[in-house]
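Per-entry structural report
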Amino acid sequence: MRPARPLTGLLAGLMISGLASAAMAQAPAPFATEGSGRWTFEDPVWQAIEVQTYTPAACGAKACPLVMVIHGNGRNAASSRNYWIDAAERYRVLVAAPRFDRQRFSSRVFQQGNVGGDADKRKWTFGIVERLFDAARATGRVEGAVYRIFGHSAGGQFVHRMALLMPEARFSRAVAANSGFYTRPMGSEVADGFAYPYSLGETPATDGTLKAALVRPVVVMLGERDNDPDHVDINKSPGAEAQGPTRLARGQAFMADIAAVSSRLGIASAWREVTVPGVAHEQKRMAQAAAPVLLGP
């Protein structure tokens, strides 16, 4: 027979279980209380995703629009969220900043979206944002059927690739700031021989999906002083170097590609370039410059 469990052990186990249940019961729902918060979003594909949130005072008693903020390669979602607190208060918006941890989300999986030749978008990391939006709306705290999205550096890579490859995404505006390099909006055969992530080569993208992507409101934001070819974090791979020596040059070349491809497709692109004077590779200052672009009239 299995020996009886000691009473003291049983009581201790019950107490621990009870405390855990009480803690779970007391955890506030996302956006339910004013100020900064932390939410564990249970994504059906990637499981637990840490989300840093902010609820401004004006949204404490009513639903408000939502801004998604995508961190850089430092993976600090809390800091990325904090850079949007002033804007959240001023424009009366909620902020959600998901964290893509290094253990599960390598560069290929994070800023490159886990995209390959597979057309199954459930496997793409970009889908986390869409499912997170559904979960946020389910709380009853989010106003409207669209969100706005900002990403800086690696986050800017994430945002512009999501916009190119997932034109059905429900963002109403997007800002991709200071990306390290870009996915050129053409196949590898006309992009210096470099396939994805340097171009749309070897992805499911077509002229049809590209047309749909280029009429979405996306701003490629560049720091005027993000022009150091030897910056400690700049990507030096051959595919990135082919786009230019600096992030500023690469962004300008990318927008020239956008104009050329839009002309070939016979459409008026809604993508536009904004250069921020005097700013280098600085997430906080780029977020401050992006706020009126993303949230203003």
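Residues numbered from 1 in each chain as written. Predicted model: local features only at pLDDT ≥ 70, side-chain atom pairs only at ≥ 80, totals over all residues. Heavy atoms only, no water.

Core analysis: the biggest nonpolar cluster contains 57 residues, and Leu66, Met68, Phe126, Tyr147, Ile149, Phe158 and Trp271 have the highest contact counts within it. Here this core takes seven residues from helix H5 (residues 154-165), the largest share from any one element. Residues Trp84, Val276, Met286 and Ala290 belong to the second largest nonpolar core, which totals 25 residues. (Core = buried A, V, L, I, M, F, W, Y, C linked by side-chain atoms within 4.5 Å. Buried < 20%, exposed > 50% of the residue type's maximum accessible area, 1.4 Å probe, protein only. Helix = DSSP H or I, 4+ residues; strand = E, 2+ residues; numbered from the N terminus.)

Moving on: the packing of helix H6 (residues 207-214) against helix H8 (residues 247-265). Packed helices, taken two at a time, are described by their axes: the angle between them and the distance between them. At their nearest, the axes of H6 and H8 sit 11 Å apart, and the two run at 120° to each other. With respect to their mutual orientation, H6 and H8 come out oblique. Here H6 runs over H8; the crossing is left-handed. Contact residues: H6 offers Asp207, Leu210, Lys211 and Leu214, while H8 offers Ile258, Val261, Ser262, Arg264 and Leu265. The class makeup of the residues in the contact of H6 with H8 is five nonpolar, one polar and three charged. (Axes fitted to C-alpha atoms, helices over the stretch in contact; angles between N-to-C directions. Parallel < 35°, antiparallel > 145°, perpendicular 65-115°, else oblique. Left-handed = near helix turned anticlockwise from the far one by under 90°. Contact = heavy atoms within 4.5 Å. Nonpolar A, V, L, I, M, F, W, Y, C, P; charged D, E, K, R; others polar.)

All told, the structure shown has one disulfide when counted by the stated rule. The disulfide that involves Cys59 links it to Cys64, with 2.0 Å between the sulfurs. Measuring the twist about the S-S bond at about -100°, one finds the Cys59-Cys64 disulfide to be left-handed. No difference in accessibility class separates Cys59 from Cys64, as the two residues are buried. (Disulfide = S-S within 2.5 Å.)

Taken as a whole and assessed by the stated rule, the structure comprises 13 salt bridges. Linking Arg184 and Asp257 is a salt bridge whose minimum nitrogen-to-oxygen distance equals 2.6 Å. Residue Arg184 is located in the loop between strand S6 (171-177) and H6, and its partner Asp257 is located in helix H8; the two are separated by 73 residues in the primary sequence. An identical accessibility class is assigned to Arg184 and Asp257; each is buried. A salt bridge links Asp230 to Lys236; its shortest N-O distance comes to 3.6 Å. When its relative accessible area of 44% is taken as the criterion, Lys236 is described as partly exposed. Several salt bridges converge on common partners, so that one network encompasses Glu130, Asp134 and Arg170. (Salt bridge = Lys/Arg side-chain N within 4 Å of Asp/Glu carboxyl O.)

Let's shift gears to unusual backbone geometry. Look at the link from Tyr196 to Pro197: it is a cis peptide, with omega at 15°. Non-glycine residue Ser153 carries a positive phi angle of around 60°. When you line up the elements, Ser153 lands in the loop between strand S5 (147-152) and H5.

Turning to the pairing of S5, a few remarks are in order. Most of S5 is tucked away: five of the six residues are buried. Examined bridge by bridge, strand S3 (residues 66-70) and S5 share four bridges and lie parallel to one another. The partner of Ile70 across the bridge, within S5, is Gly151. Here S5 runs beside S6; their pairing, made up of six bridges, is parallel. Counterpart to His152 in the pairing with S6 is Ala177. (Pairing = 2+ DSSP bridges.)

This part takes up the environment of Ala154. Within the secondary structure layout, Ala154 lies in helix H5. Remark: the alpha-carbon pair of Ala154 and Phe181, spanning 27 residues in sequence, is separated by 8.9 Å. Those residues in contact with Ala154 that sit more than four places away from it in its chain are His71, Gly72, Asn73, Phe110 and Gln111.

Further remarks concern the side chain of His71. Here His71 shows up in the loop between S3 and helix H2 (77-82). Engagement of the side chain of His71 in a polar contact is seen with the backbone nitrogen of Phe100, the distance being 2.9 Å. Filtering out sequence-adjacent residues up to four positions away, His71 remains in contact with Asn76, Ala77, Ser80, Pro98, Arg99, Phe100, Phe110, His152, Ala154 and Gly155. (Polar contact = N/O pair within 3.5 Å; in protein donor to acceptor, adjacent residues only side chain to side chain.)

Strand pairing in a sheet relies on backbone hydrogen bonds. The paired strands run either parallel or antiparallel. As summarised here, the arrangement of the eight strands in space is S1-S2-S4-S3-S5-S6-S7-S8, forming an open sheet in which the pairing is mixed. Both outer strands of the open sheet, strand S1 (35-43) and strand S8 (272-276), are each paired with one neighbouring strand and no more. Recorded for the sheet is a direction-independent mean angle of 20° between the axes of neighbouring strands. Here nine bridges tie S1 to strand S2 (residues 47-55), and the two strands are oriented antiparallel to one another. Across the sheet, residue Ser36 finds its bridge partner in S2, namely Tyr54. Running over the sheet, helix H4 (residues 126-138) touches S1, S2, S3, strand S4 (94-98) and S5 and is turned about 115° from S1.

The quantities given are spatial measurements derived from coordinates; they are silent on function.
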